[in-house]
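Close look at the chain arrangement
Residues per chain, in single letters:
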Amino acid sequence: MIHSVRGPVLEIGLDHAVIEVGGVGLAVYATPATLGGLRRGDEARLPTTLVVREDSLTLYGFAAAEERELFLLLQTVSGIGTRLALATIAVLEPDTLRRALADGDLAVLTRIPGVGRKSAERLVVELRDKVTAPAAVPAGAVAAAPAPMLGVRDQVVEALLGLGFTQRPAEQAVDAVLAHAPDTDARDLLRTALSSLGRSR
């Protein structure tokens, strides 16, 4: 397993960054919040996990090791794959997620795109005893975004679809932000739209 990567950031996209390690550019998939903390040309160090499939090797990176551990833990639940696990980390901060699982807070868990009441109940049943609730209630859903890019609206919508939101709600959230602030860059647009979608679930 590739436990972590360190090196200069060559590129930042809406769902991944390319980090040079030993002369090789590695595509590292991550949440908007993690990507939002990177800067092109700066050195970055990310905890990672390599997911091996029959037809692919995909590297996922995280802002902190606790996010990686939750990402792996979520996938022990039947029906939860890498996409839904990453969407969970994107929408909920680690403390918020742990508290929701420990307390059986279905309202918080159903903020996650693709997670309905039955899936939320399954998450609680299977993970409640595997997490420790934090001592204090944190802010809640997180949302940050990567660096600005061309085709901002379409690319932000695509990023939201990649996190599991459906087309129409994603477009409506993005358009609502742009209606109030048409010059919003991709970073702020994705952060605000993701926050709005998380609250509306």
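Higher on the page you've got the structure.
We now turn to the structure provided with this report. The residue numbers shown here count from 1 along each chain, following its written sequence. A pLDDT threshold of at least 70 governs which residues receive local features in this predicted model, and a stricter bar of 80 or more applies before side-chain atom pairs are shown or counted, although totals over entire chains, interfaces and linings include all residues. Excluded from the side-chain calculation are hydrogens and water; included are all heavy atoms of the structure.

**What about the side chain of Arg98?**
Each helix is a run of DSSP H or I of at least 4 residues and each strand a run of E of at least 2, with the numbering of both proceeding from the N terminus. Looking at where Arg98 falls in the secondary structure, it is placed in helix α4 (residues 94-103). At 2.3 Å, the side chain of Arg98 and the side chain of Asp95 are in polar contact. Residue contacts are defined here by distance: any two heavy atoms, one from each residue, within 4.5 Å place the two residues in contact. Every residue in contact with Arg98, bar those within four places of it in the chain, is listed here: Glu66, Leu70, Val131, Thr132, Ala133 and Pro134. Side-chain atoms alone can form a polar contact between residues adjacent in sequence; in general such a contact is a pair of N or O atoms within 3.5 Å, and within protein one must be able to donate a hydrogen while the other accepts it.

**Let's talk about the packing of aromatic side chains**
Any two of the Phe, Tyr and Trp rings considered here, Trp counted by its six-membered ring, make a pair once their centres fall within 6.5 Å; the pair's planes then place it as stacked at under 30 degrees, edge-to-face at over 60, or tilted in between. Evaluated as defined, the whole model comprises 3 aromatic pairs. An angle of 50° between the planes, with centres 6.4 Å apart, marks the rings of Tyr29 and Tyr60 as tilted. Separated by 31 residues along the polypeptide, Tyr29 in strand β3 (residues 24-29) and Tyr60 in strand β5 (residues 56-61) bring together distant segments of the chain. Residue exposure (1.4 Å probe, protein chains only): buried if accessible area is under 20% of the type maximum, exposed if over 50%, otherwise partly exposed. Judged by its relative accessible area of 30%, Tyr29 falls in the partly exposed class. With a centroid separation of 5.1 Å and 40° between ring planes, the pair formed by Tyr60 and Phe71 is classed as tilted. You can see Tyr60 sitting in strand β5 and its partner Phe71 sitting in helix α2 (residues 65-74), a full 11 residues away along the chain. Since its relative accessible area comes to 0%, Phe71 is described here as buried.

**Details of the pattern of salt bridges**
Definition used for salt bridges: Asp or Glu carboxyl oxygen within 4 Å of a side-chain nitrogen of Lys or Arg. Summed over the entire model, instances satisfying the criterion amount to 7 salt bridges. Linking Arg98 and Asp95 is a salt bridge whose minimum nitrogen-to-oxygen distance equals 2.3 Å. In this pair, Arg98 and Asp95 both sit in helix α4, 3 residues apart, roughly one turn of the helix. Since its relative accessible area comes to 16%, Arg98 is described here as buried. A salt bridge links Arg153 to Asp175, with the shortest nitrogen-to-oxygen separation between them at 2.7 Å. With Arg153 in helix α7 (residues 152-162) and Asp175 in helix α8 (residues 167-180), this pair connects stretches of sequence that are 22 residues apart.

**Points about helix α3 (residues 82-91)**
Across the 10 residues of α3, 9 count as buried, placing the element largely inside the fold. The set of residues buried in α3 consists of Thr82, Leu84, Ala85, Leu86, Ala87, Thr88, Ile89, Ala90 and Val91.

**Digging into α7**
Residues Val156, Val157, Ala159, Leu160 and Leu161 constitute the buried set of α7. Downstream of α7 by one or two residues, Gly164 has phi in the positive range, about 110°.

**Some details on the sheet that holds strand β4 (residues 43-53)**
Between any two strands, at least two bridges found by DSSP are needed for them to pair. Pairing within the closed barrel is mixed, and its 5 strands lie in the order β1-β2-β3-β5-β4. On average, adjacent strands in this sheet sit at an angle of 55° to one another, irrespective of strand direction. Of the strand pairs in this sheet, β4 and β5 are connected by 6 bridges, and their pairing is antiparallel. Along β5, the bridge assignment pairs Val51 with Thr58. Axis lines are fitted through C-alpha atoms, for helices just across the contact stretch, and the angle between N-to-C directions can take any value from 0 to 180 degrees. Running over the sheet, α2 touches β4 and β5 and is turned about 10° from β4.

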